[in-house]
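Overview (structure and organization)
These are the residues of each chain, in order.
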Amino acid sequence: MTTLLVASVPFDDQKPGTSGLRKKVLRFQAPHYLHNFVQAIFDSLAAYQGKTLILGGDGRFYNREAAQIILKMAAANGFGRVLVGQNGLLSTPAVSALIRKHHAFGGIILSASHNPGGADGDFGIKFNAANGGPAMESLTEAFFSRSKVLQQYRIDDADDLPLETLGCYQLADMDVEVIDPVAEYADLMQHLFDFDAIRGLFSGGFRMRFDGMHAVTGPYAVEILERRLGAEKGTVIHGEPLLDFGGGHPDPNLVHAKELVSLLNGAERIDFGAASDGDGDRNMILGRHFYVTPSDSLAVMAASAHLLPGYRRGLSGVARSMPTSMAVDRVAKELGIECYETPTGWKFFGNLLDAGKISLCGEESFGTGSDHMREKDGLWAVLFWLNIVAVRKMSVAEIVKSHWQKFGRNYYTRHDYEELGLDVAAGVMDHLRSQLSALMGQTLASRTVVLADDFSYTDPIDASVSEGQGIRIIFADGARIIYRLSGTGTVGATLRIYLESFEGDVDQHDLDPQAALADLLQVALQLADMLSRTGRESASVIT
Ligand code: G1P
Ligand code: ZN
């Protein structure tokens, strides 16, 4: 077998966003495009020779082809061993867990998360470091710089490996092990949660539906929920991973998981619903006729963690991304632990987790996780909730309502304006920025502005500074309006507006969030001059 040195064409559009490099499949299929980025990753890393790499993806179109290319490039660049999921599959949380368990050098995940798949859909690639977490900004910047100047890449001239068959193979001097993508992850879950209690729940007639959205979590959910926990057959719906996710949009929210939502609201008695996204790191939790916002979910999990085996020692601290509601802050206060506020994106939790400052964290975008790994983890969150239900013997709705009774309710919503022109979106943000200093002290929607700024974060561990992380307008009564531009889209710009208000009065806890936040939305749209700048009457997606 020979190692080929192939002349590359450097690219100027390989800048990773909130979560790795995401582009249309067609872009990734351009000659040398994937190779150039993979070589840029390897060139930016040091001392990986002879070490182990974890490789897998969410099963979307181009996953298998990309896995074969990366295996040959890893061999040519001197990795000692690659553990690759069967058929090239591994969920994002499974990669994170495998990196940690096998003391690997790092991992490569092939995914564009919840973005649509298929030949005309999106593809993506991200690198996770030895702690199991997403590469920090300094590293992704290095990938980008390198990708722009790279002259050649290294690849072995070898046949494709049979990724559908478990076993050990050799690629030049490199060992390749095709592993069961599910087993080790399922074992870890069994260690963290009281599987006997959850099994008791199911044998007592409790019924759930888990929507795999034809993405990577189907096989994980079947093994854990149906095989190990005894949930009835058919608990997992849309469980088979498909190249195009069955034409759907594998994003677990009220818009994209409509069928699941109607099952939970239908005539048949289903007690619990859950869904995950393309690569398995997101989660949505539903009760019967009840939707748990991700922000509330994080707060309830923090308040109940001590009831579960893996968290019995209590939490060292918690963290949430800036736009996530402040519900968890109230729990942290009650528990007497620190609550950190980080910019959007999981990578900002890594240092806090590594330093033991936090043991639970989450984002409003359907992401929750803990110190068991360094990614958000969809099925883990589902099991966390099932374990809470089993111990507290209450329904999902009862658990959340009793939480509100104790801590108050943070009404919350996010309005996304998708596919705006890049200039239009930047114009809205500039317009908002120009008003910040004048907003302080003003009264809007009968609330007084106490802070208006562009969020900047100084990492408490390594003192690195991340600026321009979203515009915040905070009111004296705890209400907030936040604006930021998405860093994960592949078409135009997506502007996100996040709205939150606090309600302490139990008699006011049953309002429709859109009604409760209507006055704040009006203020948010006026300040941004949305209608005249974007021509949009309303958001494309509301969650
Ligand atoms: C979105 C979410 C963010 C999450 C990221 C990756 O990023 O808002 O919380 O970490 O996806 O799943 P955004 O598109 O807003 O940059
Ligand atoms: Zn994801």
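What you see is a predicted model, and the numbers here were worked out from it, not measured in a lab.

Each value, and the rule that gives it
Residues numbered from 1 in each chain as written. Chains lettered and ligands numbered in written order. Predicted model: local features only at pLDDT ≥ 70, side-chain atom pairs only at ≥ 80, totals over all residues. Heavy atoms only, no water. Donors = N, O, S within 2.8 Å, 3.2 Å for Na, K, Ca; no water. Tetrahedral: all angles 85-135°; square planar, octahedral: opposite > 155°, others 65-115°. Helix = DSSP H or I, 4+ residues; strand = E, 2+ residues; numbered from the N terminus. Buried < 20%, exposed > 50% of the residue type's maximum accessible area, 1.4 Å probe, protein only. Near = heavy atom within 4 Å. Polar contact = N/O pair within 3.5 Å; in protein donor to acceptor, adjacent residues only side chain to side chain. Nonpolar A, V, L, I, M, F, W, Y, C, P; charged D, E, K, R; others polar. Expected span 1.5 Å × (residues − 1). Salt bridge = Lys/Arg side-chain N within 4 Å of Asp/Glu carboxyl O. Phe/Tyr/Trp six-rings, centres within 6.5 Å; stacked < 30°, edge-to-face > 60°. Lys NZ or Arg CZ within 6 Å of the ring centre and 35° of its normal. Contact = heavy atoms within 4.5 Å. Pairing = 2+ DSSP bridges. Axes fitted to C-alpha atoms, helices over the stretch in contact; angles between N-to-C directions.

**Digging into the coordination of the zinc ion (ligand 2)**
The coordination sphere of the zinc ion (ligand 2), as far as protein atoms go, consists of Ser113 (OG), Asp277 (OD), Asp279 (OD) and Asp281 (OD), spread over 2.0 to 2.1 Å. In this structure, the zinc ion (ligand 2) is surrounded by four donor atoms whose angles at the metal cover 85 to 165°, and the resulting shape is irregular. All donor residues of the zinc ion (ligand 2) come from one chain, and their arrangement in sequence is S-x163-D-x1-D-x1-D. Highlighted residues: Ser113 in the loop between strand 5 (106-110) and strand 6 (122-128) and Asp281 in the loop between strand 12 (272-276) and strand 13 (283-287), separated in sequence by 168 residues. Judged on exposure class, the residue Ser113 and its partner Asp281 are both buried.

**Comments concerning the site of ligand 1**
Around ligand 1 lies a shell of 14 residues, among which Ser365, Arg484, Ser486, Thr488 and Arg496 are the nearest. Residue Ser365 places a side-chain N or O atom 2.6 Å away from an oxygen atom belonging to ligand 1. Gly487 places a polar main-chain atom, nitrogen or oxygen, 2.6 Å from an oxygen atom of ligand 1. Taken together, the residues of the shell around ligand 1 break down into no nonpolar, seven polar and seven charged.

**Digging into helix 15 (residues 422-439)**
The end-to-end C-alpha distance of helix 15 is 26 Å, a good match for the 26 Å that 18 residues give at a rise of 1.5 Å each. Residues of helix 15 that are buried include every one of Ala425, Gly427, Val428, Met429, Leu432, Leu436 and Leu439, and no others. Of the residues trailing helix 15, Gly441 is marked for its positive phi of about 85°.

**Quick look at the pattern of salt bridges**
Tallied over the full model, the rule gives 38 salt bridges. Among the salt bridges present, the one from Asp122 reaches Lys24, with a minimum N-O distance of 3.2 Å. On the criterion of sequence distance, the pair formed by Asp122 in strand 6 and Lys24 in strand 2 (residues 21-24) is long-range, its members being 98 residues apart. Notably, a salt bridge pairs Glu164 with Arg64, separated by 3.9 Å at the nearest N-O pair. Residue Glu164 is located in the loop between strand 7 (152-156) and strand 8 (167-171), and its partner Arg64 is located in helix 3 (residues 63-76); the two are separated by 100 residues in the primary sequence. Looking at Arg64, the relative accessible area reads 42%, which means it is partly exposed. One connected set of salt bridges, linked through shared partners, spans Arg320, Asp329, Glu341, Asp453, Arg472, Arg480 and Glu500.

**Some details on the packing of aromatic side chains**
Applying the stated criterion across every chain yields a total of 21 aromatic pairs. Measuring from ring centre to ring centre gives 5.9 Å for Phe42 and Tyr48, while their planes differ by 40°; the resulting arrangement is tilted. No difference in accessibility class separates Phe42 from Tyr48, as the two residues are buried. Plain terms: the ring middles of Phe193 and Phe384 are 5.9 Å apart, the flat faces sit at 70° to each other, and that makes the pair edge-to-face. With Phe193 in the loop between helix 6 (183-192) and helix 7 (195-203) and Phe384 in helix 13 (residues 378-392), this pair connects stretches of sequence that are 191 residues apart. The exposure class assigned to Phe384 is buried, which follows from its relative accessible area of 0%. The structure contains a cluster of three or more aromatic residues connected by ring pairs, namely Phe11, Phe28, Tyr33, Tyr62 and Phe123. Against the face of Phe144 rests Lys148, its NZ or CZ located 4.0 Å from the ring centre. Geometry around Phe502 places Arg330 over its ring, the cationic atom sitting 3.4 Å from the centre.

**Some thoughts on the side chain of Arg409**
In this fold, Arg409 is placed in strand 19 (residues 409-420). Here the side chain of Arg409 touches His509 through a polar contact of 2.8 Å, landing on its backbone oxygen. Sequence-distant contacts of Arg409, that is, excluding residues within four places in its chain, are made with Trp404, Ser501, Phe502, Glu503, His509, Asp510, Leu511 and Pro513.

**Focus on the sheet that holds strand 4 (residues 81-89)**
As summarised here, the arrangement of the seven strands in space is 2-6-5-3-4-9-8, forming an open sheet in which the pairing is mixed. One side of each edge strand has no neighbouring strand; the edge strands of this open sheet are strand 2 and strand 8. Ignoring strand direction, the axes of neighbouring strands in this sheet form an average angle of 20°. Bridge count for strand 3 (residues 52-57) against strand 4 is five bridges, and the pairing is parallel. Paired with Ile54 across the bridge in strand 4 is Leu83. Packing against the sheet, helix 4 (residues 92-101) makes contact with strand 3, strand 5, strand 6 and strand 9 (174-179), and its axis sits at approximately 170° to strand 5.

**As for the pairing of strand 24 (residues 471-475)**
Across the five residues of strand 24, five count as buried, placing the element largely inside the fold. Of the two faces of strand 24, both are covered, the one formed by Ile471, Ile473 and Phe475 as well as the one formed by Arg472 and Ile474. As paired strands, strand 21 (residues 447-454) and strand 24 are joined by five bridges and run antiparallel to one another. Paired with Val449 across the two strands is Phe475, which belongs to strand 24. The pairing of strand 24 with strand 25 (residues 480-485) spans four bridges and is antiparallel. Among the inter-strand pairings, Ile474 is bridged to a residue of strand 25, identified as Arg480. Turn length for the strand 24-strand 25 hairpin, with the two strands adjacent in sequence and antiparallel, is four residues, and the turn residue Gly478 shows positive phi of about 95°.

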